[in-house]
Every structure is written in structure tokens, then in C-alpha cells.
Amino acid sequence: MFRFHREGIKMINTLLVLLGAVNLGMLIFLKGNIVLLVGVAIVSVVVFILIAQFFRNPRRSVPRNDKYIICPADGKVVVIEKTFEPEFLKCECYQVSVFMSPLNVHVNRYPVSGKIAFLRYHQGKKLVAWHPKSSTENERTTIVIEKDNKIQILVRQIAGALANRIVYYPHEGDLVRAGAELGFIKFGSRVDLFLPLDCQLMIHLNQKVVGGETVIAELP
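Numbers given for residues are sequential positions, taken from 1 along each chain in its written order. With pLDDT at 70 or above as the cut-off, local features in this predicted model cover only qualifying residues; side-chain atom pairs require 80 or more to be listed or tallied, and sums for whole chains, interfaces and linings still use all residues. Only hydrogens and water are removed before side-chain values are computed, so all heavy atoms of the structure are retained for them.

Participant: Whenever I open this one, the packing of aromatic side chains confuses me. Can you help?
Facilitator: By convention here, two paired aromatic rings are described through the distance between centres and the angle between planes. Ring pairs shown here join Phe, Tyr and Trp side chains whose ring centres sit within 6.5 Å, with only the six-membered ring taken for Trp; geometry is labelled stacked below 30 degrees between planes, edge-to-face above 60, and tilted in between. A full pass over the atoms with the stated rule returns three aromatic pairs. Measuring from centroid to centroid gives 5.6 Å for F55 and F184, while their planes differ by 5°, and the two rings are stacked. On the criterion of sequence distance, the pair formed by F55 in the loop between α2 (34-54) and β1 (68-70) and F184 in strand β10 (residues 181-185) is long-range, its members being 129 residues apart. Here the two residues F55 and F184 agree in accessibility, since each one is buried. Their ring planes at 20° and their centres at 6.3 Å tell us that Y121 and Y168 sit as a pair that is stacked. Taken as a pair, Y121 in strand β5 (residues 114-122) and Y168 in strand β8 (residues 166-168) lie far apart in primary sequence, 47 residues in all. A 1.4 Å probe rolled over the protein chains alone gives each residue an accessible area, and that area as a share of the maximum for its type sets the label: buried under 20%, exposed over 50%, partly exposed in between. For Y168, a relative accessible area of 31% corresponds to the partly exposed category. Geometrically, a lysine NZ or arginine CZ counts as sitting over a ring once it is within 6 Å of the ring centre and also within 35 degrees of the ring normal. Sitting over the ring of Y169, R6 keeps its end group 4.4 Å from the ring centre. Numbering of helices and strands runs from the N terminus, with a helix taken as a DSSP run of H or I at least four residues long and a strand as a DSSP run of E at least two residues long.

Participant: Sorry if this is basic, but what is going on with the packing of helix α1 (residues 9-29) against α2 here?
Facilitator: Axes are the key here: two packed helices are described by the angle between their axes and the distance separating the axes. Axis lines are fitted through C-alpha atoms, for helices just across the contact stretch, and the angle between N-to-C directions can take any value from 0 to 180 degrees. Where α1 contacts α2, the axes come no closer than 10 Å and their chain directions differ by 180°. Overall, the two elements α1 and α2 adopt an arrangement that is roughly antiparallel. Facing M11, I12, L15, L16, L19, V22, N23, M26 and L27 of α1, the residues of α2 in contact are L36, L37, V40, A41, S44, V47, F48, I51 and A52. All residues other than Ala, Val, Leu, Ile, Met, Phe, Trp, Tyr, Cys, Pro, Asp, Glu, Lys and Arg, Gly among them, are scored as polar; the first ten of these are nonpolar and the last four charged. Residues belonging to the contact of α1 with α2 are distributed by class as follows: 16 nonpolar, two polar and no charged. Oblique is the label for every angle not falling under 35 degrees (roughly parallel), over 145 degrees (roughly antiparallel), or within 65 to 115 degrees (roughly perpendicular). Every residue pair with non-hydrogen atoms within 4.5 Å of one another is taken to be in contact.

Participant: What's the story with the pairing of β5 in this structure? I'm lost.
Facilitator: Look at any regular strand and the pattern is simple: side chains alternate between the two faces of the sheet. Where β5 lies against strand β9 (residues 175-176), two bridges are found, and the strand directions are antiparallel. Within the sheet, the bridge partner assigned to K115 lies in β9 and is L175. Strands are treated as partners if at least two bridges between them are detected by DSSP. Two strands pair when backbone bridges link them, and β5 and strand β6 (residues 140-146) are joined in this way by seven bridges, in the antiparallel orientation. Paired with K115 across the two strands is E146, which belongs to β6.

Participant: Where do I start with the sheet that holds strand β12 (residues 200-201) in this structure?
Facilitator: Spatial strand order, β1-β14-β12: three strands in an open sheet with antiparallel pairing. Edge positions in the sheet fall to β1 and β12, since each of these pairs with one other strand and no more.

Participant: Sorry, what's going on with the side chain of T142 here?
Facilitator: Summarising the element assignment, T142 is placed in strand β6. Classification of T142 by relative accessible area gives buried; the value is 0%. Pairing of N or O atoms within 3.5 Å defines a polar contact, subject to two protein rules: one partner must be a possible hydrogen donor and the other a possible acceptor, and residues neighboring in sequence count only if both atoms are side-chain atoms. Separated by 3.0 Å, the side chains of T142 and R156 make a polar contact. Apart from residues lying up to four places away in sequence, T142 is in contact with E87, F118, L119, R120, H122, L154, V155 and R156.

Participant: Any chance you could explain the environment of K208 here in plain terms?
Facilitator: Mapped onto the elements of the fold, K208 is located in strand β13 (residues 208-209). As for K208 and D192, which are separated by 16 residues in sequence, their C-alpha atoms are 15 Å apart. Setting aside its immediate chain neighbours within four residues, K208 contacts G75 and K76.

Below you can see the structure in the form of C-alpha cells.
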């Protein structure tokens, strides 16, 4: 069944009212101009579909294996590299970045189960989401999940040039479950994962991935 995410309900309802008012006004004042009326109606439908599809929230079959690191977002893998994470982990890690286009589902999900050990929101720039510096200079949230075995996974929501709001649901100390909703980013964005070097990566560059289903890596 097709579902809309709660973050989009207000916008979808407002858009429906506005488009309905525009088309009703056109029908009243320009009822003799059939071509223009049909054209406005077609544009209205296209605009509504484009906005509404952005807020779709499909159900996902989350793999239940405690060693798996699950993809936190729909999109394409744009970065796989070793890098130093300076904000919290302060060590060398694998960085895996997933770019979400405006056509992707923009629900973000927890990659692993555990406890929220760290959470920070940062205001920032509006660089395009695939820019190398967007991970450290754009508006973003940094969320660290600590598993029972003390392994820590860092997930970072990053706003892109079009994104106008990052939404995140957890608080420090919360217990969370892999695949559950972490948050939402509106209109184009990126999610970075920082993983231990001893994990086995199971994705490749430019691979299309599905949030809550694709396995990014397996822990030892």
C-alpha cells in the first residue's frame, strides 16, 4: 500500500488546496479557453505528483542480522574511502556516502541497533550534496550509535543545495533498532556512514542502494 511520510502530510494537503483553488479560479474566469484550462490542469497534476512522490514512505524488509550494517537511505553510493573522522570517533574509518536525488525516498533509517551515544546538529552552508566538503561544512546532524559490544557507527545527515530542512528523531541515550526511522531530509541530500576498518564492505561505488534493506557492510 502506498504511504506518505508524516513529514509531508501538511505540505501535500496545502499543495492540494492551492492547486485546487488555482484550477477552480481558472475554470470560473477562463471557462471559454479550453486549451489553457487543460494545460493548467496537466501542469497541476504533474507538480502534485512530483511533490507527493518525494514524501512516499514504502515499507522495507530489514535484514535481521546483528553483524549487518544496513543502508540508511535510498540513493547511489558516491564515496567509499578510508578517512579520518575528527568530530567524535577521532580515528581512521571507512566512509560510505549515499547521495539521494529528489526522486529518491528521503526517509533515513538506523544502520544498526544500539544506544545513541552522541548527537549534534550543525548549521552550515548549502553546497551541493556530492561536494567533498559538504560532509563538514553543510547543515548536518552527526549521530553515533553504540552497539552492545561497544562498536560505534557514525551516521551523518547532510543537507544539499535544495534541502531546506533536516529532521532527526533520536535523543542521546535512546535505544534504537536497525531499519527504524532515524529522520528525514527534504529535497535532495546525502547520508554518510563512518565504519570500523575491520568490517567487510559489501557495496561498490555508484551502486544503487535501498534504505533499510541493502547491506552496506558486515562486522567481524
